[in-house]
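Observations on chain architecture
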Amino acid sequence: MITHFNHFKLFLFATVLSATTIGLAQETRPNILVVLCDDLGYADVGFNGSTDIITPELDKLAKNGSIFTSAYVAHPFCGPSRSAIMTGRYPHLTGTAYNLLHNSSENDDDNMGIPVEETYMAKVLQKAGYYTSAIGKWHLGSAPKFHPNKRGFDNFYGFLGGGHDYFPHEYNKTYDAQMQSGNKNIRDYVFPMEHNGKPANETEYITDGFSREASNDIRIAAKKKQPFFIYLAYNAPHVPLQAKNEDMAKFANIEDKDRRTYAAMVYAVDRGVGKIVETLKETNQLDNTLIVFLSDNGGNFDHGASNYPLKGTKGDTWEGGYRVPMFFHWPKKIKKEQRFDFPVSSLDFYPTFTNLAKAKLPEGKKLDGKNIMDDVLQNTEPYKDDLIYSLRYREGYNDVGARLGDWKITRMGNEPWSLHNITKDIGEKKNLAGRYPERLKEMIARTEEWTKSFVKPLWYYSVKDKELWESGQMPNYEATFEVDKLVDSPYHK
């Protein structure tokens, strides 16, 4: 016979067991650090084959983790790519497929930003008990309702626009002079840094300042005994090309000045990541921190970058526009010296991270990516039957790219569609559209179907773009996806 005392003992045991289980679950949840570069070329890190730019700290992490050779972002330039990371959705589905031209106003009536109806990944992780921090470049809207602190980040340090000068003693002087002259249209590249909505007195080269702030946040999370999600969005090596003399000196052998300056800017990121890793070690958090490193889009080869052996540059739907260098480093889970050759997308971060955090998605939240962690650990293909897409609106036409397994279709402007076995022809040199027309047609049809859920952009890059949309000349999908003139290829029959 079970007495009341025994009932109490069983209840107490179950309570303790439940609390212990919850505690263990919390302890096993990883910290997540996303290190995002801006316009970094595919070939401009050592772990991806760079011979003139040295990145020893990044290479060390990549070697001790998993290098992704076929990592894609959701759009070939800055703002839409970042929108996709935060929302887990292709930017064409949220009306955010154009870059924001400038800082939006401080008026909440301004809708130049990612719709507040879209719950950011940061908000989900924040609700799951993570300490959340955004550092560096935002470029997702600067009206108060779009501010990082309103979108799920406990802490924000950086700038709200699409780019910035790098030396505070120079840009502060410019900003102060323009303020004193009464200029009301000051270029946002010279605005002061801000910390949670208030001006910050930055004194360091800002890449170094962002690295410092990331280390500070790691220490804060350790003191709070909370897992952390840190989104460290360097603006390097985005223009303007500005580097420290001591970093430039390391690349004196590079004759081209733009390339030399660009290399020094990449090295500053590498140096900063090294210091961040030291902070993770000091706080005993390295083993259970998932570090994700990537670029927001392809490198800009007009400003020092190299995407070799990929074809194309930032903004293109050739591989060089949106296939990026990337690695995962997580000693507790990911074995050393792994290569993951299957295609993945930055859209996968949202479902993957929220699953690792044991977080609850908002009811009705739509996601376009996949939880890829099991595939990464088992080296299996997450997109075996699904395409990874890219589409860029230009003035009067669209550039399109889509990948399915070994195959990639591309259309740039009014050029014919091309089909490449991208695993054998990474440089997209040999158009096989004429040899495999049915494969091409099927992939085009699936890509066209993808566009049927697109919504009208909430803003445009230029007045001309707006006029084209309002006159009905854009989005011009019918012309984009016509297949009568399939190819211009030696295999065409």
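Structure shown above.
Residues numbered from 1 in each chain as written. Predicted model: local features only at pLDDT ≥ 70, side-chain atom pairs only at ≥ 80, totals over all residues. Heavy atoms only, no water.

Turning to the overall build of the chain, a few remarks are in order. What the chain contains, in helices and strands, is 14 helices and 15 strands. In terms of overall size, the chain behaves like a compact globule, its C-alpha atoms giving a radius of gyration of 24 Å where 493 residues would be expected to give roughly 23 Å. In the chain, the share of contacts with a sequence separation of at least 24, taken over all contacts with a separation of at least 6, comes to 72%. Carbon and sulfur atoms form 50% of the exposed surface of the chain, whose accessible area is close to 21700 Å². Averaging the locations of the 61 positively and 64 negatively charged side chains of the chain gives two centres separated by 5 Å. (Helix = DSSP H or I, 4+ residues; strand = E, 2+ residues; numbered from the N terminus. Rg over C-alpha atoms; globule rule 2.2 N^0.38 Å. Contact = heavy atoms within 4.5 Å. Areas by Shrake-Rupley, 256 points an atom, 1.4 Å probe, with all protein chains shown as cover. Lys, Arg positive; Asp, Glu negative; His and termini not counted. Charge placed at Lys NZ, Arg CZ, Asp CG, Glu CD.)

The element strand 7 (residues 228-233) is extensively covered by neighbouring structure, given that six of its six residues are classed as buried. Burial along strand 7 is two-sided: F228, I230 and L232 and F229, Y231 and A233, pointing in opposite directions, are all buried. Summarising the sheet, strand 3 (residues 131-137) and strand 7 pair through six bridges and their orientation is parallel. Its bridge partner being in strand 7, S133 is matched across the sheet by I230. (Buried < 20%, exposed > 50% of the residue type's maximum accessible area, 1.4 Å probe, protein only. Pairing = 2+ DSSP bridges.)

Once that is clear, we can look at unusual backbone geometry. A cis amide bond links A236 with the next residue in sequence, P237, at an omega value of 0 degrees. Topologically, P237 is positioned in the loop between strand 7 and helix 7 (245-249). Y308 connects to P309 through a cis peptide bond whose omega is 5 degrees. With respect to the secondary-structure elements, P309 resides in the loop between strand 8 (289-295) and helix 9 (319-322). Its identity as a non-glycine residue notwithstanding, N379 has a phi of 55 degrees, on the positive side.

To continue, consider the pattern of salt bridges. If you walk through the whole model with that rule in mind, you get 29 salt bridges. Here the salt bridges share partners, and the residues they tie into one network are D208, K244, E246, D247 and R271. (Salt bridge = Lys/Arg side-chain N within 4 Å of Asp/Glu carboxyl O.)

An order of 12-13-14-15 is seen for the four strands of this open sheet, with the pairing classed as antiparallel. At either margin of the open sheet sits one strand with a lone partner, and together these are strand 12 (388-393) and strand 15 (418-421). For this sheet, the mean inter-axis angle between neighbouring strands, taken without regard to orientation, is 10 degrees. In the sheet, strand 12 pairs with strand 13 (residues 398-404) via six bridges, with the strands oriented antiparallel. Bridge pairing in strand 13 links S390 to G401. Sitting on the sheet, helix 12 (residues 437-451) is in contact with strand 12, strand 13, strand 14 (407-411) and strand 15, with an inclination near 65 degrees to strand 14. (Axes fitted to C-alpha atoms, helices over the stretch in contact; angles between N-to-C directions.)

It is worth spelling out empty space enclosed by the protein at this point. Enumeration over the complete set of coordinates arrives at one cavity of 30 Å³ or more. Estimated volume of the largest cavity: approximately 30 Å³. In this structure, the largest cavity is lined by G79, P80, S83, T96, Y98, N99, L100, I114, H139 and W459. In the lining of the largest cavity, the residues fall into five nonpolar, five polar and no charged. (1 Å grid on protein atoms, 1.4 Å probe; cavity = no way out; pocket = protein on both sides within 12 Å on 5 of 7 lines; lining within 4 Å. Points joined across faces, edges and corners; volume = space filled by probe spheres on them. Nonpolar A, V, L, I, M, F, W, Y, C, P; charged D, E, K, R; others polar.)

When a protein is soluble and globular, its nonpolar side chains tend to lie buried together. Of all hydrophobic cores here, the largest spans 82 residues; its most connected members are F229 and F328. When neighbours within four sequence positions are excluded, F229 is seen to be in contact with I32, V34, M121, A122, L125, Y130, Y131, T132, S133, F153 and F353. Counting residues in each nonpolar core, the second largest holds 55 residues, with F167, M265, V277 and F293 among its members. (Core = buried A, V, L, I, M, F, W, Y, C linked by side-chain atoms within 4.5 Å.)

In this section: the packing of helix 2 (residues 56-63) against helix 8 (residues 257-282). Put simply, helix 2 and helix 8 touch, their axes get as near as 7 Å, and they point 55 degrees apart. The angle between the axes of helix 2 and helix 8 places the two elements in the oblique class. Every residue of helix 8 that contacts helix 2 at P56, E57, L58 and L61 is listed here: Y267, D270, V273, G274 and V277. Of the residues belonging to the contact of helix 2 with helix 8, the class tally is six nonpolar, one polar and two charged. (Parallel < 35°, antiparallel > 145°, perpendicular 65-115°, else oblique.)

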